[in-house]
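What follows is the residue order along each chain.
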Amino acid sequence: MSTLLLKNGTVVDPAQGLHKKLDLLIADGKITGLKEKISAPDAETHDLQDKIVTPGLIDMHVHLREPGQEEKETIKTGSKAAAAGGFTSIACMANTDPPADDVSLIKHIQEVARRHGIVNVLPIGACTIGLRGEFITQIGEMQRFGAVAFSDDGQPIGNAQVLRKVLEYTGMFNSVVISHCEDKALTNGGSMNESALSTKLGLPGIPSASEATMVARDIEIAKNFGRIHLAHISTKESLDLIRQAKKLGAPITCETAPHYLLLTEEAVGDYNTNAKMSPPLRQEADRLALIEALRDGTIDIIATDHAPHTLDDKRVEFNLAACGVSGLETALPLLYTHFVQTGQITLERLIELMSVNPARIFALDKGTLKPGAAADLTVIDPRLTKKVDKTKFYSKGKNTPFDGWELSGWAAMTIVGGQIKYTAEKGVWLKA
Ligand SMILES: [Zn+2]
Ligand SMILES: [Zn+2]
């Protein structure tokens, strides 16, 4: 396998407390050198002057739609989108058709990923058969064959006794449950945040309590029965509960997504279905609380909840439209431009949220550029400024509320296992 030498980049690796200009040598898929001046005459050399080199970004919450809904996305198109967005590893949720609720599906996803995946594709197994929240799956077996976590995402596990059983099993295998916190009775067919605006627009609302009551329940269950990671947190009330619970040592972690940090319910505006999400976009006070929680450590991870849909899924009346945003290709520049460049969080913190913490929480052997580690790297170009153009997405899902936004800090190069998979100049490509 070839040798790669990356020269003059600013290496930012919070796992080693590093932020300095260094050369980086890669051989046989691993990082083999990291110091001030490396010379390797035979290596393929790239000058990364003015660029930032970080541990590869990891997105633990992605919907790849394969098997079953290949018109929305495939493992191939989704992992291309990931590479273009600077992600080197993505974990795919189990709510495919059929759901990934047994070993054969986990093996199938891995096999397709081996053949067509551009980045590391890590399958998440379902917690319950058919995501119906009734009978638990063969958690140990699925983990043995590669499931990195367990989740019924898309659906909450409504029955607390079932969730308890799931946790008792995942605990035995030292795995993590990712919980979609939603009280369906309170959601009650709603399609946007419940507020004066939903009344004005005549749309059925989803109260904050739909999320917060389940967060409160999950905290109590986690305290008693095992570790839970709370997906896509969107409200101030949830964050207050999580902050308090963490202070008391509850075994919980949580994530939010870029759209909750950047948009409010106002984005629904003229019934824009690209602003329809589950959970829904909330209010400015929630958005500000999320930013505060990024800073104080209440939020552990930023995940995209990449949810690609066809045009037809979104080009219908608001109540009938599918939920979600195609998020892999915009997450890094959105967060870099609006939070790092504005000084609201440091670059180190962003890399913690998008690489170090996902690796730590899900026990992945990633999230650092230490010599010996797998050569999964993201190169960021802080000077590259361009507009989001959804027609250029590698993802089949063009559903984004960020089309036309001018952003900086795009991925300039994505390296997975020592191989360059994406450059800003050439796009996604596979080296021969
Ligand atoms: Zn969800
Ligand atoms: Zn999701």
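Preceding block: the structure.
Starting afresh in each chain, residues are numbered from 1 along the sequence in its written order. Lettering for chains starts from A, numbering for ligands starts from 1, and both go in the order in which the items are written. Two thresholds apply to this predicted model, a pLDDT of at least 70 for residue-level local features and 80 or more for giving and counting side-chain atom pairs, whereas whole-chain, interface and lining totals are computed over all residues. Excluded from the side-chain calculation are hydrogens and water; included are all heavy atoms of the structure.

A.B. asks: Looking at this structure, how should I read the overall build of the protein chain?
C.D. replies: Working definition: helices are DSSP H or I runs of at least four residues, strands are E runs of at least two. Numbering for both runs from the N terminus. Of regular secondary structure, the protein chain possesses 13 helices and 19 strands. Relative to the 2.2 N^0.38 estimate, which gives 22 Å for 432 residues, the radius of gyration of the protein chain is 21 Å and therefore close to what a compact globule would have. C-alpha atoms of the protein chain, sized along the principal axes, occupy 65 × 45 × 45 Å. If you take every contact in the protein chain between residues at least 6 apart in sequence, the share linking residues at least 24 apart comes to 74%. Carbon together with sulfur atoms contributes 50% to the accessible area of the protein chain, which is approximately 16,600 Å² in total. Two residue types count as positive, namely Lys and Arg, and two as negative, namely Asp and Glu; His and chain ends fall outside the count. Where a charge lies is defined by one atom per residue type, namely NZ (Lys), CZ (Arg), CG (Asp) and CD (Glu). Separation of charge centres in the protein chain, based on 47 positive and 53 negative side chains, amounts to 4 Å. Every radius of gyration here is taken over C-alpha atoms, with the globule rule written as 2.2 Å times N^0.38, N being the number of residues. Note on contacts: a residue pair is in contact if any heavy atoms of the two residues lie within 4.5 Å. Note that accessible areas follow from Shrake-Rupley with a 1.4 Å probe, and for residues the cover is restricted to the protein chains shown.

A.B. asks: Just checking my understanding: could you explain the packing of aromatic side chains for this structure?
C.D. replies: How two aromatic rings sit relative to each other is given by the distance of their centres and the angle of their planes. A pair of aromatic rings is counted whenever rings of Phe, Tyr or Trp (Trp by its six-membered ring) have centres within 6.5 Å, and the orientation is called stacked for planes under 30 degrees apart, edge-to-face for over 60 and tilted otherwise. Enumeration according to the criterion identifies one aromatic pair in this entry. Ring geometry for Phe402 against Trp405: centres 4.8 Å apart, planes inclined by 85°, an arrangement best described as edge-to-face. Sitting over the face of the ring of Trp410, Lys386 holds its NZ or CZ atom 4.6 Å from the ring centroid. One residue, Lys426, lies across the ring of Trp429, its end atom 4.4 Å from the ring centre. In this scheme, the term charge over a ring applies when either NZ of a lysine or CZ of an arginine sits within 6 Å of the ring centre and within 35 degrees of the ring normal.

A.B. asks: In this structure, what is going on with the coordination of the zinc ion (ligand 2)? I would like to understand it.
C.D. replies: For a metal with four donors in a tetrahedral arrangement, the ideal angle between donors is 109.5 degrees, while six donors in an octahedron ideally sit at 90 or 180 degrees. Metal-coordinating donors are taken as N, O and S atoms lying within 2.8 Å of the metal, or within 3.2 Å when the metal is Na, K or Ca; because water is left out, some sites can appear incomplete. The protein atoms donating to the zinc ion (ligand 2) are His61 (NE2), His63 (NE2), Asp153 (OD) and Asp305 (OD), with metal-donor distances spanning 2.1 to 2.3 Å. Angles of 85 to 169° at the metal separate the four donor atoms of the zinc ion (ligand 2), which places the site in the irregular class. Along the chain, the residues that donate to the zinc ion (ligand 2) are spaced as H-x1-H-x89-D-x151-D. The metal-metal distance between the zinc ion (ligand 2) and the zinc ion (ligand 1) is 3.6 Å, with Asp153 coordinating both. Of this pair, His63 sits in the loop between β6 (57-62) and α1 (75-84) while Asp305 sits in the loop between β15 (301-302) and α11 (311-314), placing them 242 residues apart in sequence. With respect to class, His63 is no different from Asp305; both count as buried. Think of it this way: with four donors and all angles in the 85 to 135 degree range, the site is tetrahedral; with four or six donors, opposite ones beyond 155 degrees and the rest between 65 and 115, it is square planar or octahedral; otherwise it is irregular. In this scheme, a residue with accessible area under 20% of its type's maximum is buried, one over 50% is exposed, and one in between is partly exposed, where area comes from a 1.4 Å probe on protein chains only.

A.B. asks: Explain the pairing of strand β14 (residues 252-256) here, please?
C.D. replies: Looking along a regular strand, one sees the side chains alternate between the two faces of the sheet. Taking burial as the measure, the five residues of β14 include five buried ones, the bulk of the element. Residues Ile252, Cys254 and Thr256 line one face of β14 and the alternating positions Thr253 and Glu255 line the opposite face, and both faces are buried. Whether two strands pair depends on DSSP finding at least two bridges between them. Inspection of the sheet shows strand β13 (residues 228-230) paired to β14 by three bridges, in the parallel sense. Within β14, the position partnered with His229 by the bridge is Thr253. When the strands point away from the viewer, a crossover counts as right-handed if the route from the first strand across the helix to the second turns clockwise. With respect to chirality, the unit in which β13 leads through helix α8 (residues 236-247) into the neighbouring parallel β14 is right-handed. Pairing of β14 with β15, which is carried by two bridges, proceeds in the parallel orientation. Residue pairing in the sheet places Thr256 in a bridge with Ile302 of β15.

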